Amino acid sequence: MIVRTRFAPSPTGFLHIGGARTALFSWAFAKKHGGTFILRIEDTDVARSTPEAVQAILDGMQWLGLDYDEGPFYQMQRMDRYKQVIQTMLDAGSAYYCYSSKEELDALREQQMANKKKPRYEGKWRPEAGKVLPAVPKDVPPVIRFKNPQDGVVAWDDMVKGRIEISNSELDDLIIARADGTPTYNFCVVVDDSDMGITQVIRGDDHVNNTPRQINLLKALAEIDSTIIVPQYAHLSMILGNDGQKLSKRHGAVSVMQYDEDGYLPEAVINYLARLGWSHGDEEVFSKQQFAEWFDLDHITPSAAQFNTEKLNWLNNHYIKAANLEVLAKDITQRLGRMGIAIATQPAIKEAIALYRDRANTLNELAQSIAYFYSKPQIDEVAKEKHITADILPVLNTLATQLVSIDWTVEAIHAAIEYAVTSNALKFPKVAMPLRVMLTGGAQSPSIDAVMAILGKDEVLARMNMTLN
Ligand code: GLU
């Protein structure tokens, strides 16, 4: 069987982390089996769907590198097809017109609740052999209902959750078309999944309740067209925040594109999402391609996965360290630009990045940490008071004078600092720390001679003199 999977987001907001993981798993399953991955936009909720949200989904997929083989298909463009299938079902007797008015159904529901019964449509208009249906009222536009089987169970072997069985007596006759003729949600999903030949439906477990209805609908369609199959289902558990609560905005970024803005690399986000509820031995760091080779539905944990920002940061740091310097330089230049810092050709940004990338968890952190190379730093007053003490000023002044005439190499700079240290019987930090404060603004930096080499002689002397004079 040729594998065909789909990601079917509703464009009612941005592409969030949970959706992205569903997309990634569906993508990987198709890739692993040499199959086809389809993008379908479920935009029938016209009140809540927006073109901006569609764009956000497309942007998010592109940023993550989740390329689809077919689509995007839009449900709103398939209305004629849904109506056609509804007609086929009416003709086959697996769907029927229901003329019960809203008032009638409300009264029925109240009565059932008063009798402590589960509210359900009682089947007044459901055609049965030998049953005489009521006279059709003139003023009630009918809905169309699916003739759900009344006996037995509907069951499936969920590829994540195991066997799930629902008694058909729990399900009433689902409305598949509203009185205005528009098809309803579960129906559209079913027609699409069958038309698109979907073999595995991989989606969030908030859809478990829809599955028995969808399977019954698919089985009814398969009776009309024997080529229609019921796909396999894999329902992924939800993602919880760091604190074990349902992931939401208060946990920080939930939109995929927000991760881009916050300075995460797509490789890191993909790698992180892949491990969110799935594992391959002890493997933690792997590419999207490697994931697609390893991915299977047997190693998905049925319990909820917990988001862990520290782990994402650790992965992001790994990918920042491994990134192509040229690509990184381009990205960091843009981020500095957004911070209002223009990059001069000197100091070379690649050298600055190389000096700092090992300690950056995000690209934004990296941009911030090298910003002082390109704009005068804000001096940390506490650090200044602590390290630039009166007794060290003469040493720093002498050092500044010596720096004027040396070759501007890390070695020569180091030798000059070393000389200032030893000839005054000091310890290295006594000189290095005030230099850090004067040159970078704070007391933390990589090796100060390397910083100075990149910063350039003129700028080093200018910053030293600013503090010393
Ligand atoms: N449109 C649904 C959602 O965004 C997904 C439907 C499905 O995957 O079957 O939650």
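Residues numbered from 1 in each chain as written. Predicted model: local features only at pLDDT ≥ 70, side-chain atom pairs only at ≥ 80, totals over all residues. Heavy atoms only, no water.

A. Fine view of the site of the ligand. Surveying the vicinity of the ligand reveals the residues Arg-6, Ala-8, Pro-9, Ser-10, Glu-42, Tyr-185, Val-189, Arg-203 and His-207. Here Ser-10 contributes a side-chain N or O atom positioned 2.8 Å from a nitrogen atom of the ligand. Taken by itself the ligand offers 300 Å² of open surface, and the protein chains cover 82% of this. The residue inventory of the shell around the ligand, partitioned by class, reads four nonpolar, two polar and three charged. (Near = heavy atom within 4 Å. Polar contact = N/O pair within 3.5 Å; in protein donor to acceptor, adjacent residues only side chain to side chain. Areas by Shrake-Rupley, 256 points an atom, 1.4 Å probe, with all protein chains shown as cover. Nonpolar A, V, L, I, M, F, W, Y, C, P; charged D, E, K, R; others polar.)

B. Summary view of the pattern of salt bridges. Evaluated as defined, the whole model comprises 27 salt bridges. The salt bridge partner of Asp-173 is Arg-126, with a shortest N-O separation of 2.9 Å. With Asp-173 in the loop between β7 (162–167) and β8 (175–177) and Arg-126 in the loop between α4 (102–114) and β5 (143–146), this pair connects stretches of sequence that are 47 residues apart. A single burial state applies to Asp-173 and to Arg-126, both of which are buried. (Salt bridge = Lys/Arg side-chain N within 4 Å of Asp/Glu carboxyl O. Helix = DSSP H or I, 4+ residues; strand = E, 2+ residues; numbered from the N terminus. Buried < 20%, exposed > 50% of the residue type's maximum accessible area, 1.4 Å probe, protein only.)

C. Summary view of the pairing of strand β9 (residues 200–204). Buried residues dominate β9, accounting for five of its five residues. In the sheet, β9 pairs with strand β10 (residues 232–236) via five bridges, with the strands oriented parallel. Across the sheet, the residue bridging to Arg-203 is His-235, located in β10. In this fold, β9 hands off to helix α6 (residues 211–224), which returns the chain to β10; that crossover is right-handed. (Pairing = 2+ DSSP bridges. Right-handed = clockwise from strand over helix to strand, strands pointing away.)

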